[in-house]
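Descriptive analysis of the structure
Chain by chain, the residues run as shown.
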Amino acid sequence: MKIAYRLYQLFIAAPIILVWTIFISLTVAIGCTLGNGHFWGYYPGKWWAWLILKVLLIPVKVEGRENLQEGESYVFVSNHQGAFDIFLIYGYLNRNFKWMMKWQLKKIPFVGYACEKSHQIFVDKRGASKIKKSYDEARTILRDGISLTVFPEGARTFTGHMGVFRRGAFMLADELHLPVVPLTINGSFNILPRMNDGKWLTWHPLKLTIHQPIRPESQGPENIKHTLEESYQVIMADLVPEYQGYVENPDQ
């Protein structure tokens, strides 16, 4: 079975995904240039991620969509098990949002350019002014009624376990008085652990759990601390037992 899936990846899935990625990247870039960036910056990416998981024959289960209200902006925060987190959230969250991502992702051919054109938010930590610019862009997007998705760990896990959460996303939610929605991802680490980048995928189901929004109880340091800690605990509790518990991530 493993050999058959690898042959399928190489000769069927990989060519389809390559052509699909180039097509969607160009569609996003052209669409956002012509106008209506909220549409072109989200829906083609959603279709891209959805089809990739379908082509790779990976089953997906989503729980908790009923916890979200139509038309409300959220700050989504998720554990970061691996590269397939992107496909799972983009393809199956079913909310129009922007990503907050590392600036190095601009270098990915086609995808990086599409992310720039669709105004995804690149976090550049090479100086205070660059960090400030990233958060100013995030504030503008959230005020426009679009949601934001962040991996507060800032880096993929090496073990499947969670590291620490950074405060940035929770500070933004506090400043704009927006609810934080924890997301738990299970299965992504099993498909492609960080140590196996560039190697074969392992077939494994994916699960996305959308938890109840954590609404601000106040505003300021206590609220930031509360939403961060509550999000961390909620996400951790829904991980499969194998990956529960904190493990230090040296890349954080």
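For clarity, every value in this text was computed on a predicted model and none was experimentally measured.

Here is what the cut-offs are and how they apply
- By convention here, each chain's residues receive numbers from 1 onward along its written sequence.
- Where local features are concerned, this predicted model is filtered to residues with pLDDT of at least 70; where side-chain atom pairs are given and counted, the filter is 80 or more; whole-chain, interface and lining totals use all residues.
- Working from all heavy atoms in the structure, the side-chain values ignore hydrogens and water.
- Strands are treated as partners if at least two bridges between them are detected by DSSP.
- Secondary structure is summarised from DSSP: a helix means a run of H or I of at least four residues, a strand means a run of E of at least two, and numbering begins at the N terminus for each.
- Structural elements are reduced to axes, namely lines fitted to C-alpha atoms, with helices fitted over the stretch in contact, and the angle between N-to-C directions of any two is expressed from 0 to 180 degrees.
- We define a salt bridge as a side-chain nitrogen of Lys or Arg found within 4 Å of a carboxyl oxygen belonging to Asp or Glu.
- For every residue, the accessible area (1.4 Å probe, protein chains only) is compared with the maximum for its type, and the residue is labelled buried under 20%, exposed over 50%, or partly exposed between those bounds.
- For Phe, Tyr and Trp, rings pair up if their centres lie within 6.5 Å, where Trp contributes its six-membered ring, and each pair is then called stacked (planes under 30 degrees apart), edge-to-face (over 60) or tilted (otherwise).

Ordered by their spatial adjacency, 7 strands build an open sheet running β1-β7-β6-β2-β5-β3-β4, and the pairing between neighbours is mixed. Looking at the sheet topology across the chains shown, the edges are occupied by β1 (60–63) and β4 (121–123). Neighbour-to-neighbour, the strand axes of the sheet open up by a mean angle of 20 degrees, direction not taken into account.

We now examine the pattern of salt bridges. Across all of its chains, the model carries 9 salt bridges by this definition. Glu 63 is the salt-bridge partner of Lys 61, the closest N and O atoms lying 3.2 Å from each other. Lys 61 gets classed as partly exposed once you look at its relative accessible area, which sits at 46%. With its nearest N and O atoms 2.6 Å apart, the salt bridge here joins Asp 251 to Arg 194. Highlighted residues: Asp 251 in the segment after α9 (221–237) and Arg 194 in the loop between α8 (188–191) and β7 (206–210), separated in sequence by 57 residues. Accessibility expressed as a relative area gives 33% for Asp 251, which makes it partly exposed. Put simply, Lys 61, Glu 63 and Lys 207 are held in one network by salt bridges that share partners.

For the rest of this paragraph, the subject is the packing of aromatic side chains. On inspection of all chains with the given rule, the structure shows 19 aromatic pairs. Ring centres of Tyr 5 and Tyr 8 lie 6.4 Å apart, and the angle between their planes is 15 degrees; on these two criteria the pair is classed as stacked. Taken as a pair, Tyr 5 and Tyr 8 lie in helix α1 (residues 2–34) at a separation of 3 residues, close to a single helical turn. Given a relative accessible area of 9%, Tyr 5 falls into the buried group. Taken together, a centroid distance of 5.0 Å and an interplanar angle of 85 degrees make the contact between Phe 39 and Trp 40 edge-to-face. By relative accessible area, Phe 39 is classed as partly exposed at 29%.

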